[in-house]
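Chain residues, written in single-letter form:
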Amino acid sequence: MRTERELIDKLRDTRALTREEWVQVIEGRDEDAARYLFETARAIRHAVYGRDVYIRGLIEISNYCKNDCYYCGIRRSNRLADRYRLTAEEILACADTGYALGFRTFVLQGGEDAYYTDALLGELLREIKRRYPDCAITLSLGERGEESFRCLFEAGADRYLLRHETASPVHYASLHPPELRLDNRKECLYALKRIGYQVGSGFMVGSPGQTAENLAEDMLFLKELSPQMVGIGPFIPHHDTPFAHCPAGTVELTLFLLGLLRLMLPHALLPATTALGTLSPQGRELGILAGANVVMPNLSPAASRKKYMLYDNKLCTGDEAAESLNSLKKRMKSIGYNVVVDRGDYKI
Ligand code: SAH
């Protein structure tokens, strides 16, 4: 059997491991392996993206959702969620603020809310692009039909984030109601790729019932999909969901997986996510030092920020807020990285 270091070297050199090797490298990890992994991941990241950190202005446009994912605080059945949706004017105002702050990518994220028709979104996308032709727009609005994805792409959307959540069908079924299918989600990801989007997928770390075998499956699926972006963050319970009493995922495992992702997909855009920052005050920095190269500060209007509560204590102020960009810049500087004013596209 190969040692941890040999597995990390194999992943660095061939960008692939077998299912058994993924399980072994994940289960066998220790501090030594993590140190070696992060050094290797940073060297790869520096070769591809230098010391630049890309920022994305996150605009949470709606917390209405027709889905009922068991882990999510804005699930349909959560009667206690205080629902809101932003108008096109409010979203444009967020983009105006963000542009002035130096953001050149806006991420429009929300629950699956039928209010946002292709026509409404199309008009909005065209207006953002008219005002800011030098900006990229990322959508993260859940599953839609291929025609809808195409229509939004033609209206100006450049990228789409749709985490697969878990690539194991049985595990997927334990996190979602029966009407949500892993196959549909995957089909959406392939459609997005066909259309020409820069595509992001990803999964929660430490979601209830997750095993090392499930994580191995996630890595194999991501290898096959080869997305331009991969978002991973620890699962964090929300008190008004069926998983209220499940333990959160760990920062340690999330960081280790970030390092592995950097080795497997050297060019990927990897965010140090809000969930990582929520579990640890140093989460953002640790994520960058494990191989991540993106942060996504919150640009949503102050009044709605607390309502987009996917999980308990979700950060939306302090360095998580777009207004605190200067403080984020200083923190990145202190670990040797530079926040840049740039669209931050995927580098081939
Ligand atoms: N409706 C969109 C956006 C979902 S919210 C979509 O379906 O893609 C963005 C991400 O937040 C989800 O993909 C999920 O991975 C994550 N998330 C939701 N609930 C969470 C929780 N309790 N803990 C950690 N992450 C969570």
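Residues numbered from 1 in each chain as written. Predicted model: local features only at pLDDT ≥ 70, side-chain atom pairs only at ≥ 80, totals over all residues. Heavy atoms only, no water.

Here we come to the side chain of Glu 143. You can see Glu 143 is positioned in the loop between β4 (136-140) and α6 (146-154). Among the polar contacts listed, one links the side chain of Glu 143 to the side chain of Arg 185, at a separation of 3.1 Å. Filtering out sequence-adjacent residues up to four positions away, Glu 143 remains in contact with Glu 112, Phe 149, Leu 162, Tyr 172, Leu 180, Asn 184, Arg 185 and Cys 188. (Helix = DSSP H or I, 4+ residues; strand = E, 2+ residues; numbered from the N terminus. Polar contact = N/O pair within 3.5 Å; in protein donor to acceptor, adjacent residues only side chain to side chain. Contact = heavy atoms within 4.5 Å.)

By the element assignment, Asn 67 lies in the loop between β2 (57-62) and α4 (88-101). The buried category is assigned to Asn 67, whose relative accessible area is 8%. Reaching out from Asn 67, the side chain makes a polar contact with the side chain of Glu 112 at a distance of 3.1 Å. Each residue touching Asn 67, except ones within four places of it in the same chain, is listed here: Arg 75, Arg 76, Glu 112 and Leu 180. (Buried < 20%, exposed > 50% of the residue type's maximum accessible area, 1.4 Å probe, protein only.)

With that out of the way, let us pick up the pattern of salt bridges. Summed over all chains, the structure comprises 30 salt bridges. Among the salt bridges present, the one from Asp 158 reaches Lys 129, with a minimum N-O distance of 2.7 Å. Separated by 29 residues along the polypeptide, Asp 158 in the loop between α6 and β5 (159-161) and Lys 129 in helix α5 (residues 118-131) bring together distant segments of the chain. Classification of Asp 158 by relative accessible area gives buried; the value is 16%. Salt bridges here are not isolated pairs; linked through shared partners, they connect Lys 129, Asp 158, Arg 159, Arg 343 and Asp 345. (Salt bridge = Lys/Arg side-chain N within 4 Å of Asp/Glu carboxyl O.)

Note on aromatic pairs: each is described by the distance of the centres and the angle between the planes. Enumeration according to the criterion identifies nine aromatic pairs in this entry. For the ring pair Tyr 99 and Tyr 132, a centre distance of 4.4 Å and an interplane angle of 20° mean the geometry is stacked. Note that Tyr 99 is positioned in helix α4 and Tyr 132 in the loop between α5 and β4, a separation of 33 residues in sequence. By relative accessible area, Tyr 132 is classed as buried at 13%. A centroid spacing of 5.0 Å and a plane angle of 55° characterise the contact between Phe 153 and Tyr 197, whose relative ring orientation is tilted. Note that Phe 153 is positioned in helix α6 and Tyr 197 in the loop between α8 (182-195) and β6 (198-205), a separation of 44 residues in sequence. Lying over the aromatic face of Tyr 337, Arg 51 brings its terminal NZ or CZ to 5.2 Å of the ring centre. (Phe/Tyr/Trp six-rings, centres within 6.5 Å; stacked < 30°, edge-to-face > 60°. Lys NZ or Arg CZ within 6 Å of the ring centre and 35° of its normal.)

This part is about the environment of Arg 262. Relative to the elements of secondary structure, Arg 262 occurs in helix α10 (residues 251-264). Along the primary structure Arg 262 and Asn 293 are separated by 31 residues, whereas in three dimensions their C-alpha atoms are 9.7 Å apart. Non-local contacts of Arg 262, meaning those with residues more than four positions away in its chain, are made with Ala 41, Ile 44, Arg 45, Tyr 49, His 267, Ala 268, Leu 270, Gly 291, Ala 292 and Asn 293. From its side chain, Arg 262 meets the backbone oxygen of Ala 268 in a polar contact 2.9 Å long.

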